Amino acid sequence: MAVFTPVTLDDLSQWIKQFPLGKAVALKGIASGIENSNFFLTTERGEYVLTIFENLDFEQLPFYVQLMRHLADRGIPVPAPVANDAGELVVALHGKPAAIVSKLDGSSQMDPQPVHCAEVGAMLAKMHLAGRDFPLHQPNLRGLDWWTETVPKVLPYLDTGTAALLRSELAFQRDFAAGTTYAALERGPVHADLFRNNVMFVGERLSGCFDFYFAGWDTWLFDLAVTVNDWCIDLDTGRLDDARVIALTRAYHAVRPFTAADHAAWQPMLRAAALRFWLSRLFDFHRPRAAEMLTPHDPTHFERVLRERIAHGAPDLTA
Ligand SMILES: Nc1ncnc2c1ncn2[C@@H]1O[C@H](COP(=O)(O)OP(=O)(O)OP(=O)(O)O)[C@@H](O)[C@H]1O
Ligand SMILES: N[C@@H](CCO)C(=O)O
């Protein structure tokens, strides 16, 4: 991650008083991640994570933090946002929106086995069902509309062949999204970025997931495809590992059974999920933002994943 906006312990001495957390005693910038400025915060009351939001504004943020609150209240293992003395979950710090959330135990499992994938699949389905009655609506801000407006911005940086793939896949996805199968897919609040680095494990037990700052209303199947494209692949080739795909999707299906539309949309949705992250990585790579610590992700990884999804289908759902 970056620290785009530096924060010191002194900066917090007054600011933290509005929260029921006691004094701030330690603060450490977090190097992983690329979107926001994150810090491990220790106060007299415990361990937290302070996030300063670099791209989201005060109008957009309530959706994310209220969704985390909603899911936490329903037993989904997500960070619980801390309200200040006015009941606010998002408060200005250095002129930007900021939030404090509980720190999850455990660590990321970056080399997942089927057992880990099954935990993720079951938790994702429970998250989707728990979100059905969430009252706030906000679209997935990195969905089809964003792809349509962003592709032209990155095309000038690409060679002819790569640009042709990007153009053709966007056209394919726009056509798919206009169809009856897509219209029949179940929708609700989705995480939309459930990569391995956004989930915590203690041993083989999933202990929590975080980074809801790309969440939005979208198809549940898109969320599943994003997750499978990161948890169930050979990282060098982008090829799917059938054992992990089957473990994750079967565990998901046991909680939220797949519909006929899910089955019909699975292959194109895996392509959509690959396109989304190929495009965001291209955008970040060619139009970088200044930051104290930033390790941008490799766009060609998701170009490989997309080419692989086009060339070879995935195992059918609940195979
Ligand atoms: N609630 C939490 N509990 C424990 N660790 C956390 C928590 N939130 C964030 N972290 C740590 O901070 C890191 C960065 O967080 P996060 O992924 O939200 O940042 P980001 O800038 O949105 O990155 P990206 O979107 O690229 O994943 C995580 O990889 C994790 O190590
Ligand atoms: N998880 C994303 C970064 C945050 O959106 C990626 O790996 O490209």
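In this text the structure is predicted, and so the values were computed from the model without any measurement.

Neighbouring ligand 2 are Ile34, Asp193, Phe195, Phe214, Phe277, Arg281 and His297. Interatomic distance of 2.7 Å between a side-chain N/O atom of Asp193 and a nitrogen atom of ligand 2. Per-class residue counts for the shell around ligand 2 are 4 nonpolar, 1 polar and 2 charged.

Take the domain arrangement of the chain next. By domain assignment, the chain separates into domain 1 (9-102) and domain 2 (114-312). Summarising the inter-unit geometry, the C-alpha centres of domain 1 and domain 2 are found 26 Å apart. Each partner contributes residues to the interface: domain 1 has 27 residues there, and domain 2 has 31 residues. The three residues of domain 1 that bury the most area against domain 2 are Ile34, Phe63 and Tyr64, which together make up 29% of that side's buried surface. Between Asp133 and Arg74 there is a salt bridge, with the nearest N and O atoms lying 3.4 Å from each other. Inspection of the domain 1/domain 2 interface yields 6 residue pairs in polar contact (both at pLDDT 80 or more). For the side of domain 1 that touches domain 2, the element with the most residues is helix α2 (residues 61-73), which contributes 8 residues. Across the side of domain 1 that touches domain 2, the residue classes tally to 16 nonpolar, 7 polar and 4 charged.

Core analysis: the largest hydrophobic core is formed by 82 residues, its most contacted members being Leu166, Phe212, Leu224, Val228, Trp266 and Met269. Looking at this core, the element that brings in the most residues is helix α9 (residues 260-286), giving 13 residues. Residues lining this core come from more than one domain, with at least three contributed by each of domain 1 (9-102) and domain 2 (114-312). The contact partners of Trp266, leaving out residues within four places of it in the chain, are Leu221, Leu224, Ala225, Val228, Thr249, Ala314, Pro315 and Leu317. Counting residues in hydrophobic clusters, the runner-up holds 17 residues, among them Val7, Leu12, Phe19 and Leu21.

A separate point is the layout of surface pockets. In this model, the second largest pocket occupies a volume close to 360 Å³. Lining of the second largest pocket is provided by 19 residues; of these, Asn140, Gly143, Leu144, Tyr182 and Asp218 occupy positions nearest its centre. The element that contributes the greatest number of residues to the lining of the second largest pocket is helix α4 (residues 144-154), accounting for 4 residues. Here the residues of the lining of the second largest pocket are counted per class, giving 12 nonpolar, 4 polar and 3 charged.

Tracing the backbone through its elements, the reader meets Leu317 in the segment after α10 (299-311). A residue is classified by how much of its surface remains accessible, and Leu317, at 4% relative accessible area, is buried. Here the alpha-carbon distance between Leu317 and Leu136, two residues 181 residues apart in the chain, equals 30 Å. Non-local contacts of Leu317, meaning those with residues more than four positions away in its chain, are made with Leu221, Leu224, Thr249, Phe258, Asp262, His263 and Trp266.

A few words now on the state of the cysteines. Using the criterion set out here, one finds 0 disulfides in the structure. Free cysteine Cys117: the closest other cysteine sulfur is in Cys232, separated by 4.2 Å. Accessibility expressed as a relative area gives 0% for Cys117, which makes it buried.

Calculation criteria
- Residues numbered from 1 in each chain as written.
- Chains lettered and ligands numbered in written order.
- Predicted model: local features only at pLDDT ≥ 70, side-chain atom pairs only at ≥ 80, totals over all residues.
- Heavy atoms only, no water.
- Near = heavy atom within 4 Å.
- Polar contact = N/O pair within 3.5 Å; in protein donor to acceptor, adjacent residues only side chain to side chain.
- Nonpolar A, V, L, I, M, F, W, Y, C, P; charged D, E, K, R; others polar.
- Domains from an automatic or database assignment.
- Contact = heavy atoms within 4.5 Å.
- Buried area = accessible area lost by both parts, 1.4 Å probe.
- Salt bridge = Lys/Arg side-chain N within 4 Å of Asp/Glu carboxyl O.
- Helix = DSSP H or I, 4+ residues; strand = E, 2+ residues; numbered from the N terminus.
- Core = buried A, V, L, I, M, F, W, Y, C linked by side-chain atoms within 4.5 Å.
- Buried < 20%, exposed > 50% of the residue type's maximum accessible area, 1.4 Å probe, protein only.
- 1 Å grid on protein atoms, 1.4 Å probe; cavity = no way out; pocket = protein on both sides within 12 Å on 5 of 7 lines; lining within 4 Å.
- Points joined across faces, edges and corners; volume = space filled by probe spheres on them.
- Disulfide = S-S within 2.5 Å.

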